[in-house]
Amino acid sequence: MKLTIKKLVLGISGGISLLLFLILLFVTNHLVKEQDSQTMAERWSEKKNVAQVSCFFSVNSGITEDRIIEFEHSIDSALTDAAVLQESENPGARLWADAYSADGRIMLSNGKSSLEVDAIGIGGDFFLFHPLKLISGSYFSGNDLMQDICIIDQDAAWQMFGSNDVVGMTLNIGGIPHIVAGVVERPSGRLEEAAGLDSTLVYVSYQTLSELGSCNGINHFEIVMPNPVKNFAVNLVREKLGTSEKETEVLENTSRYSFLSRLKLIPAFGTRSMNGRAIIYPYWENIARGYEDILGVITLFQMLFLLYTVLLALGFFGSWWKHKGWTLKDKWLFVKDKAERGVEKLRARRLARKAGRNEDAGNFRKPPKEKRVRKSRKQGGEK
C-alpha cells in the first residue's frame, strides 16, 4: 500500500513538473515574440533566409554618414559577388534595409514654453526596426528629403501642447520649425525604465540632432539582409565595417533568443553584463539584454523541470522492467512461434488452393464414366 501511494505521489509530481515545463515554454515564446526590435528578420521575410545584425559603436569609433554610405555600397557588391539576387517580382522589393541612429539632447519650444529632452537622431529605415506604437500620425524615414520632421512621445505632446492630437503642429528646434509627424507611446515598465526610457523622448533626423542639438555621433547601426548560409550576414558586416573590435560590438539578433543561445547564457550569467568597451547601449538593446537574462533563468528552470520528469519516467520504467515477470528471450520465442505458425497456415492454404485447382482442371478434361459407357454402346449398335 505504501509503495502504491509513493508511486501515486511521484506520478503526480512528475505530471506537475511536465506541466510547469510546458507553461515556461509558452512564457518563453511569448516574451520572445514581444521583442519587436529583435524580430525584424521575421517581418522582412517568411523564408527564414535573412538575418538581422546590430552594431554598437563607441564615441571614438569615428562612424559617419559617409562611412555608412561606403558600407552600403560594399554590401551591394558583396551580395552580387555571392550571386545573391532579388527573386521577388515586385519591382520595389529590396534585398536589404538598414538604419543608423545617435543619442543626444535637444531643446523644444513653441513660443509659449520650452523643454529640453532626450533625443534620438535617426537615419535610414529606423522605424522598420523599431515599430513603436503610434497614438496618432505616422512615421518618417531618415532617407526623406524633408528633414524638418519629428516624432514625439505622449509626455512631450502633453507638456508642449496639452493634447495628443498635435500632428501637423510645429515645434522649434534650435530656432528651426519642425513639423510633428506623429505621437508615439513610450514603452513603460520596470525593465524599460531601467533601460533608459524614464524621461521624455523625441525622434528627429540625424541631421537635426547633429546640427541643432548635442550629439556624440552615430553609435547604433542595424541591417536586415540575406543570410544564405549560417553566419554569412554577421561575418560580412564585421568584415565590411572595417572598425576596431575594441570600438565596435556586432551581434546577430535573429538567433539571440534561440534555445541554444539561451543555454549558453546560463554559465555566463553575471559576467556577460560586464562591458569592457566604451559603448553605451541604446534603450532597445538594454531591454533586449535584460530579457536575455530573464529568459536564461527561465530556461534553467525549464531544464530542471524536464530533467525531473525524464528521470522519474526512467525510474518508473526501470521498476516496471524489473518486475515485469518475463524476459526478452521469452518474448522472442513467443513471436518466433507465432511467426512459424503463421507461415505453416499460409503454406497449408496455398497447398489447399493448388489441390482445388488441380481437381477442377481434371474434372474439366475427363467426361463422366457413365457418359463414356453410353457412347461406346451406341457406337457398337451402329456396327
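A separate point is the packing of aromatic side chains. The full count for this structure, using the stated rule, is 14 aromatic pairs. Arranged with centres 6.0 Å apart and planes meeting at 45°, the rings of F126 and Y203 form a pair that is tilted. Linking F126 in helix α4 (residues 126–129) with Y203 in strand β8 (residues 201–205), this pair joins segments that are 77 residues apart in sequence. Each of the two residues, F126 as well as Y203, counts as buried. Positioned above the aromatic ring of Y257, the side-chain terminus of R256 is 5.8 Å from the ring centre.

What follows covers the environment of T170. With respect to the element layout, T170 can be found in strand β6 (residues 170–173). On the basis of relative accessibility, which here comes to 38%, the residue T170 falls in the partly exposed class. Placed 60 residues apart in sequence, T170 and N110 show a C-alpha to C-alpha distance of 7.1 Å. Beyond its immediate chain neighbours, meaning those up to four positions away, T170 contacts N110, F161, P177 and H178.

So, about the pattern of salt bridges. Following the criterion strictly, the structure yields 11 salt bridges and no others. Between D153 and R186 there is a salt bridge; the shortest N-O distance is 2.9 Å. Note that D153 is positioned in strand β5 (residues 149–153) and R186 in the loop between β7 (176–184) and α6 (190–195), a separation of 33 residues in sequence. Across the pair, exposure class does not vary: D153 and R186 are buried alike. R256 is the partner of E285 in a salt bridge, and the nearest nitrogen-oxygen pair spans 3.0 Å. Note that E285 is positioned in helix α10 (residues 283–322) and R256 in the loop between β11 (248–252) and α9 (259–265), a separation of 29 residues in sequence. The same class applies to E285 as to R256, namely buried. Residues participating in the shared-partner salt-bridge network are R105, E116 and D118.

Bringing unusual backbone geometry into the picture now. With a phi angle near 60°, K48 is a residue other than glycine that sits in the positive phi range. Within the secondary structure layout, K48 lies in the loop between α2 (40–44) and β1 (50–57). Look at A83: it is not a glycine, yet its phi comes out positive at around 60°. Residue classification places A83 among the exposed positions, given a relative accessible area of 59%.

For the rest of this paragraph, the subject is the pairing of β7. Across three bridges, the pairing between strand β4 (residues 134–137) and β7 is antiparallel. Across the sheet, the residue bridging to L134 is V184, located in β7. Summarising the sheet, β5 and β7 pair through five bridges and their orientation is parallel. Looking at β7, one finds that I151 is bridged to G182. Sheet analysis places β6 next to β7, joined by four bridges and oriented antiparallel.

Right, let's get into helix α3 (residues 65–81). Look at α3: 25 Å from first C-alpha to last across 17 residues, which is about the 24 Å you get at 1.5 Å a residue. Of the positions making up α3, those classed as buried are I68, F71, S74, I75, A78 and L79. Axial view of α3: buried residues confined to an arc of 135°, hence all on one face. Set apart from the buried face of α3 by more than 90 degrees, the exposed residues are D66, E70, H73, T80 and D81.

Where α3 contacts helix α8 (residues 232–241), the axes come no closer than 10 Å and their chain directions differ by 130°. Judged on the interaxial angle alone, α8 and α3 are oblique. For α3 against α8, the interelement crossing comes out right-handed. In this structure, α3 uses R67, F71, S74, I75, A78 and L79 to contact α8, whose residues at the interface are F232, L236, V237, K240 and L241. Grouping the amino acids of the contact of α3 with α8 by side-chain chemistry returns eight nonpolar, one polar and two charged.

Conventions adopted
Residues numbered from 1 in each chain as written. Predicted model: local features only at pLDDT ≥ 70, side-chain atom pairs only at ≥ 80, totals over all residues. Heavy atoms only, no water. Phe/Tyr/Trp six-rings, centres within 6.5 Å; stacked < 30°, edge-to-face > 60°. Helix = DSSP H or I, 4+ residues; strand = E, 2+ residues; numbered from the N terminus. Buried < 20%, exposed > 50% of the residue type's maximum accessible area, 1.4 Å probe, protein only. Lys NZ or Arg CZ within 6 Å of the ring centre and 35° of its normal. Contact = heavy atoms within 4.5 Å. Salt bridge = Lys/Arg side-chain N within 4 Å of Asp/Glu carboxyl O. Pairing = 2+ DSSP bridges. Expected span 1.5 Å × (residues − 1). Arc of directions from axis to C-beta. Axes fitted to C-alpha atoms, helices over the stretch in contact; angles between N-to-C directions. Parallel < 35°, antiparallel > 145°, perpendicular 65-115°, else oblique. Left-handed = near helix turned anticlockwise from the far one by under 90°. Nonpolar A, V, L, I, M, F, W, Y, C, P; charged D, E, K, R; others polar.

Function cannot be inferred from these measures alone, as they are strictly geometric.
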